[in-house]
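What follows is the residue order along each chain.
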Amino acid sequence: MEALQETSTEYQKLQTDLAILVDKRARLEAQLSENEMVRKEFANLTANNTIYKSIGPVLVPQDQNEAKGNVETRLEFIRGEMKRVESQIKETEQQAEKKRAELVVIQTNIRQSQLQKPPA
């Protein structure tokens, strides 16, 4: 019974970790989408357009090439983070599946041992 409780606790922790990772992936997808939209807007700019950067409560003019470079850098970073989170999700899913299989084996063994006990 102790093994069942321990394995069950480990499985629940993996499920919690998985939920956190899925939430993290969703936030990264939102950031990616937002930055993709910014990049598309930058494609429509002419050399005469001014880009402003928010620094605290102040809008400061920023060089177009610098702004475009910053967005591209953010996109690369976000994509890298998404790949990392995806691999963590896959790994956590595999670990959770192994724990679930362990739980099934433990539960089956407990049921079999209870069935084999003679009635009192």
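That block above? That's the structure.
Residues numbered from 1 in each chain as written. Predicted model: local features only at pLDDT ≥ 70, side-chain atom pairs only at ≥ 80, totals over all residues. Heavy atoms only, no water.

Visitor: Help me get a handle on the overall build of the chain, residues and values and all.
Guide: Broken down by element type, the chain carries two helices and two strands. Of the regular secondary structure in the chain, the N- to C-terminal order runs α-β-β-α. Its C-alpha atoms give the chain a radius of gyration of 26 Å, clearly above 14 Å, the size a compact globule of 120 residues would have. Dimensions of the chain, computed from the C-alpha atoms along their principal axes, are close to 90 × 25 × 15 Å. Scored against the burial criterion, the 120 residues of the chain give a buried share of 22%. Taking contacts inside the chain between residues at least 6 apart in sequence as the whole, the part at least 24 apart equals 75%. Accessible area for the chain stands at about 9100 Å²; split by element, carbon and sulfur atoms hold 54% of it. Of the side chains in the chain, 18 bear a positive and 19 a negative charge, and the two mean positions are spaced by 2 Å. (Helix = DSSP H or I, 4+ residues; strand = E, 2+ residues; numbered from the N terminus. Rg over C-alpha atoms; globule rule 2.2 N^0.38 Å. Buried < 20%, exposed > 50% of the residue type's maximum accessible area, 1.4 Å probe, protein only. Contact = heavy atoms within 4.5 Å. Areas by Shrake-Rupley, 256 points an atom, 1.4 Å probe, with all protein chains shown as cover. Lys, Arg positive; Asp, Glu negative; His and termini not counted. Charge placed at Lys NZ, Arg CZ, Asp CG, Glu CD.)

Visitor: Just give me the short version of helix H1 (residues 2-43), but keep the residues and values in it.
Guide: Compared with the 62 Å implied by 1.5 Å per residue over 42 residues, the 62 Å span of H1 between its first and last C-alpha is a close match. All of the buried residues along H1 are Thr 7, Leu 14, Leu 18, Leu 21, Leu 28, Leu 32, Asn 35, Glu 36 and Phe 42. Its buried side turned inward, H1 meets strand E1 (51-55) and helix H2 (64-116). (Expected span 1.5 Å × (residues − 1).)

Visitor: Which residues make up the pairing of E1, and what values do they have?
Guide: Pairing of E1 with strand E2 (residues 58-62) involves five bridges; the strand directions are antiparallel. When the sheet's bridge partners are listed, Ser 54 is paired in E2 with Leu 59. Once E1 ends, the chain turns through two residues before running back antiparallel as E2, passing Gly 56 with a positive phi of about 65°. (Pairing = 2+ DSSP bridges.)

Visitor: Any chance you could break down the environment of Asn 35 for me, citing the residues and the numbers?
Guide: Counting through the fold element by element, Asn 35 comes out in helix H1. The spacing of Asn 35 and Val 85 is 50 residues in sequence and 18 Å in space, taken between C-alpha atoms. Non-local contacts of Asn 35, meaning those with residues more than four positions away in its chain, are made with Val 71, Arg 74, Leu 75 and Ile 78.

Visitor: Report on the environment of Leu 18, specifying residues and quantitative values.
Guide: Along the chain, Leu 18 falls in helix H1. Assessed through its relative accessible area of 14%, Leu 18 is described here as buried. With 78 residues separating them along the chain, Leu 18 and Ala 96 place their C-alpha atoms 8.7 Å apart. Those residues within four positions of Leu 18 in sequence are excluded, and the remaining contacts are Ile 89, Thr 92 and Glu 93.

Visitor: How would you sum up the pattern of salt bridges? Please name residues and give values.
Guide: In the structure shown here, the tally under the stated rule is 10 salt bridges. Of the charged contacts in the structure, one is a salt bridge between Glu 10 and Lys 99, with a shortest N-O distance of 2.4 Å. Here the residue Glu 10 occupies a position in helix H1, and Lys 99 occupies one in helix H2, the gap between them amounting to 89 residues. On the basis of relative accessible area, Glu 10 is assigned to the partly exposed category, the value being 28%. Between Lys 13 and Asp 17 there is a salt bridge, with its nearest N and O atoms 2.9 Å apart. Taken together, the residues span about one helical turn, with Lys 13 and Asp 17 both in helix H1 at a distance of four residues. We classify Asp 17 as partly exposed; its relative accessible area is 25%. Through salt bridges with shared partners, a single network forms among Glu 36, Arg 39, Glu 72 and Arg 79. (Salt bridge = Lys/Arg side-chain N within 4 Å of Asp/Glu carboxyl O.)

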